[in-house]
Amino acid sequence: EDQVTQSPEALRLQEGESSSLNCSYTVSGLRGLFWYRQDPGKGPEFLFTLYSAGEEKEKERLKATLTKKESFLHITAPKPEDSATYLCAVQAGYKGGSEKLVFGKGTKLTVNP
Amino acid sequence: GAGVSQSPRYKVAKRGQDVALRCDPISGHVSLFWYQQALGQGPEFLTYFQNEAQLDKSGLPSDRFFAERPEGSVSTLKIQRTQQEDSAVYLCASSFPRFGPPYNEQFFGPGTRLTVL
């Protein structure tokens, strides 16, 4: 069964204090690993897709990396507006597999000014 | 519009009532997905369509849940005889533009918050 575990569940940072969020996964053939940001009362907002181990993608203060067992979302010098829940999801790539995403429970990030 | 839209945004139902939730995907997207998100949890897959074909409904929790996409665009998720445990946010997402690169990122709507009293 495909599974995603995110840690920590919650993280409080001071503005400018860099850190990383972890996403560990088990999947029957990885088609893609996705990172989303979700603000209260809104739907998830797409951030990144990673397809193979060693791949990295960056967007502003965020950088996502991927290994064969986990992904990290690195946040450099965060600002209060980066406060949100960050969701990780995997899509299996086995033949005949569904296009569905399997999500973790998310990491709630709070950045204090 | 440019994004996925859902209606209503909020729905309050009495236990036992039937509800219908609507999703308008991004124009030209082939795949459409429904997810259920409980408070403090990540979204959980319910079902998905490729055009009008329902290819996977393994996540539907019971036969009270039914989804359709008759013309391959707008979709409706129907819940019959609602129960308190059905209270959640129902998210719709779409992906795979019909024309252009085969990006499989899923783009989500704002969700419908269902409260069953």
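Provided above is the structure to which this section pertains.
Residues numbered from 1 in each chain as written. Chains lettered and ligands numbered in written order. Predicted model: local features only at pLDDT ≥ 70, side-chain atom pairs only at ≥ 80, totals over all residues. Heavy atoms only, no water.

**Notes on the overall build of chain A**
To keep it simple, the criterion reads: The secondary structure listing takes helices from DSSP runs of H or I that are at least 4 residues long and strands from runs of E that are at least 2 residues long, numbered from the N terminus. Within these notes, the globule rule equals 2.2 Å times the number of residues to the 0.38 power, and the radius of gyration is based on C-alpha atoms. Each residue gets one of three labels from its accessible area relative to the maximum for its type: buried under 20%, exposed over 50%, partly exposed in between, using a 1.4 Å probe on protein chains only. When checking whether two residues touch, look at their non-hydrogen atoms; a contact exists if any pair is within 4.5 Å.
The secondary structure content of chain A amounts to 0 helices and 11 strands. When the helices and strands of chain A are placed in sequence order, the string is β-β-β-β-β-β-β-β-β-β-β. Its C-alpha radius of gyration of 14 Å places chain A within 12% of the 13 Å reference for a compact globule of 113 residues. Dimensions along the principal axes, computed over C-alpha positions, put chain A at roughly 50 × 30 × 20 Å. The buried share of chain A, taken over its 113 residues, is 46%. For chain A, the proportion of contacts with a sequence separation of at least 24, taken over those separated by at least 6, is 56%.

**Some points on the state of the cysteines**
For clarity, the cut-off: Pairs of cysteine sulfur atoms within 2.5 Å are what we label disulfides.
Per the counting criterion, the structure on display carries 2 disulfides over all chains. Disulfide partner of cysteine 23 of chain A: cysteine 88 of chain A, at an S-S distance of 2.0 Å. Here the disulfide of cysteine 23 of chain A and cysteine 88 of chain A is left-handed, its torsion about the S-S bond being about -65 degrees. With cysteine 23 of chain A in strand S3 (residues 19–26) and cysteine 88 of chain A in strand S9 (residues 84–92), this pair connects stretches of sequence that are 65 residues apart. A residue is classified by how much of its surface remains accessible, and cysteine 23 of chain A, at 0% relative accessible area, is buried. Here cysteine 23 of chain B connects covalently by a disulfide to cysteine 92 of chain B, the sulfurs 1.8 Å from one another. Taking the torsion about the S-S bond as the criterion, the cysteine 23 of chain B to cysteine 92 of chain B disulfide, at about -65 degrees, is left-handed. Taken as a pair, cysteine 23 of chain B in strand S3 (residues 19–24) and cysteine 92 of chain B in strand S9 (residues 88–97) lie far apart in primary sequence, 69 residues in all. Look at cysteine 92 of chain B and you get buried, because its relative accessible area is 0%.

**Here's the deal with the environment of serine 18 of chain A**
Residue and element names in this part refer to chain A. The criterion, for reference: Here a polar contact is recorded for every N or O atom pair within 3.5 Å, except that within protein the pair must consist of a potential hydrogen donor and a potential acceptor, and residues adjacent in sequence are included only if both atoms are side-chain atoms.
Residue placement: serine 18 occurs in the loop between strand S2 (10–14) and S3. Along the sequence, serine 18 and proline 8 sit 10 residues apart, while their C-alpha atoms lie 15 Å from each other. A distance of 3.0 Å separates a polar side-chain atom of serine 18 from the backbone nitrogen of alanine 77.

**Concerning the sheet that holds strand S1 (residues 5–7) of chain B**
Residues and elements named next belong to chain B. Put simply, the rule is: Only strands that DSSP links by at least two bridges are regarded as paired with each other. Here the axes come from fitting lines to C-alpha atoms, over the contacting stretch only for helices, and the angles between their N-to-C directions go from 0 to 180 degrees.
The strand order across the open sheet built from 4 strands is S1-S3-S8-S7, with neighbouring strands paired in antiparallel fashion. Each edge of the open sheet carries a strand with a single partner, namely S1 and strand S7 (65–68). Pairs of neighbouring strands in the sheet enclose a mean axial angle of 15 degrees, with direction left out of account. Here 5 bridges tie S3 to strand S8 (residues 75–79), and the two strands are oriented antiparallel to one another. If you follow alanine 20 over to S8, its bridge partner there is lysine 78.

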